Amino acid sequence: MRDNTRPVLYAICSSLLLLVLCMHLLNNSQIFKMPPAKRITVTQDYKPNRRIVSTNLPLDDKYNRTEEISKATNQGKVPDVIGIGVRKCGTGVYMKFLEKHGYFRFPSFYNYETEYFTRNKHKGLSWYMSVFDPTPNEKLAIEKTPHYLYAKPSSIPDDILQLNSNAKIILLLCNPTPRAYSCFVHHYGKGISSKDWPFAFEHYVRKNLPLVQQTLANSPRQDIEKFIFANWNSNLECIIAGLYSFHIKRWQSRFNESHMMIINGEKVMQNPGPEYIKLQKFLGVPEMFQEKDWVKNNTTGHFCLRPPNNRSTLYCQDDQVKKGRTRSLIAAKPKRNITMWLNNFYRPYNDELVQLLGKKFLWN
Ligand SMILES: Nc1ncnc2c1ncn2[C@@H]1O[C@H](COP(=O)(O)OS(=O)(=O)O)[C@@H](OP(=O)(O)O)[C@H]1O
C-alpha cells in the first residue's frame, strides 16, 4: 500500500465507526423507538364466522395472524366448505357465482370437482391441499364434488370430518325428474340433435328404470346401498342420483343443521336472491350478494348476477359454461309420459324427503 493512501483509509474507517456508534445510540434512545403495534381482537365481520377467533395479534402482523387463524380453525387443512351435489341442480352455477363473491378460494379445476374422497385419496392430502388456490388464507377453501352424495366409500362423511371436523357441507337438491333428464343430456346428448333429446331420453328411461325399480323393491337398505355403490358411476347414475332421501341419511347422521345446509335448487333457479343470502349467513361470509343483484334473463329464464366488484355488468351462466341445456325456456322438454313415469318412481323418495326436511322441500 502506498504511504499517501494510508491517512485516507484511516479517515474512512474512523468515520464508519462513528456512524455505527451513533446509530446504536439513536436506536436505543426513546426518540426513535416505535410504539408497540396496536393489538386487536380479530372479530371484524369481514372475516368468515368460522375464522372469527380472538387471536389478539397485532394488526400489522399479517403473516402470523392468518397462520394463527387457520391453526385455530382447521389446522390449515382444506377445505372449509364442500358441495356434495346434486349434479345438475345448479352446483357448477353457484360455484361460478361464488367466484365473484371474493371470500372463497377454489380448486384450480375448471369444474371445481376434486373427487378427492372418491377417486383421488391415494394421491395424498398434500395433493388435495395443493389443488386449491393458495393465495389468501383468510378466504374459505371451497370445492364441490357432486359424486360425494352417493358414491362409495360409505365413509366419505367421516373422511371429511377426520380432515376438518368443522367442515361445512352444502347440498343443493332439485326435482329429480328434470334433473335426470338434464343429467342424461349432459352425458349422452352431445351427438344428438336437441330436438331428439326427448326421444333418446325416453329410450334411456325405458331401458334402465325397470332394473332400478326391481332392485329397490323390497330390498333391505344394505342391499340397496351395495347396488348404488356398484352403479354410482354407471349409466344408471342419472336415475339413482335422484333418490335423495336414501342418500342423505348417511350425511344427516354426521352433519347437523349448523354444518350442513340443504338448499332447494328449484327455489334458487326461480329466485336466487333470498337463497344466496341464507347461504352467505350459513357460511358466515359478508353479504356481498344482495337480493337486488339478481336479474332474470327473459330469454332463458335463468338469473344473472350483478357482481359486487362491478355492479354495472351482468354475469350470466347460460353462455359461459354451456348451462341451460334442458331447463331454459327455449329447451326441448322431456315427453309427458316419461315425466309421469319418473315422477311416480321418485314420489315415495320425495315424500320421505319432505318428512326428513320439512314442508319447505315440496318441488312444486
Ligand atoms: N342462473 C343459472 N344460469 C344458468 N343455468 C342455471 C342457473 N341456475 C340453474 N341453472 C341450471 O343448472 C343446471 C346445471 O347444473 P349443474 O351446475 O349442477 O351442472 S353440473 O353438474 O355442474 O354439470 C343447468 O341445467 P340444464 O338446463 O339441464 O343444462 C341449468 O339449467
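Residues numbered from 1 in each chain as written. Predicted model: local features only at pLDDT ≥ 70, side-chain atom pairs only at ≥ 80, totals over all residues.

The name recorded for the protein in an unreviewed UniProt entry is Sulfotransferase, from Clavelina lepadiformis. Per UniProt, the comment on the protein under Sequence similarities (unreviewed entry) is "Belongs to the sulfotransferase 1 family." (UniProt positions renumbered as here; feature names shortened; annotations may be inferred.)

So, helix α3 (residues 91-98)
With eight of eight residues buried, α3 is to be regarded as a mostly interior element. Those residues of α3 that fall on the buried side of the exposure criterion are T91, G92, V93, Y94, M95, K96, F97 and L98. Residues of α3 that are buried in the fold lie against β1 (81-83), β2 (104-105), β3 (140-144), β4 (168-173) and β7 (303-305). (Buried ≥ 20, exposed ≤ 12 C-beta atoms within 10 Å, placed from the backbone. Helix = DSSP H or I, 4+ residues; strand = E, 2+ residues; numbered from the N terminus. Contact = placed C-beta atoms within 7 Å.)

Some points on the environment of F361
Among the structural elements, F361 can be located in the segment after α14 (336-357). Looking at F361, the number of C-beta atoms within 10 Å reads 18, which means it is partly exposed. Counting along the chain gives 98 residues from F361 to I263, while the straight-line C-alpha distance between them is 8.8 Å. Sequence-distant contacts of F361, defined by excluding residues within four places in its chain, comprise N264, L353 and V354.

Here's the deal with the site of the ligand
In the region of the ligand, 22 residues are neighbours, and G92, S182, H302, T326 and R327 sit closest. The residue inventory of the shell around the ligand, partitioned by class, reads six nonpolar, ten polar and six charged. (Near = placed C-beta within 6 Å. Nonpolar A, V, L, I, M, F, W, Y, C, P; charged D, E, K, R; others polar.)

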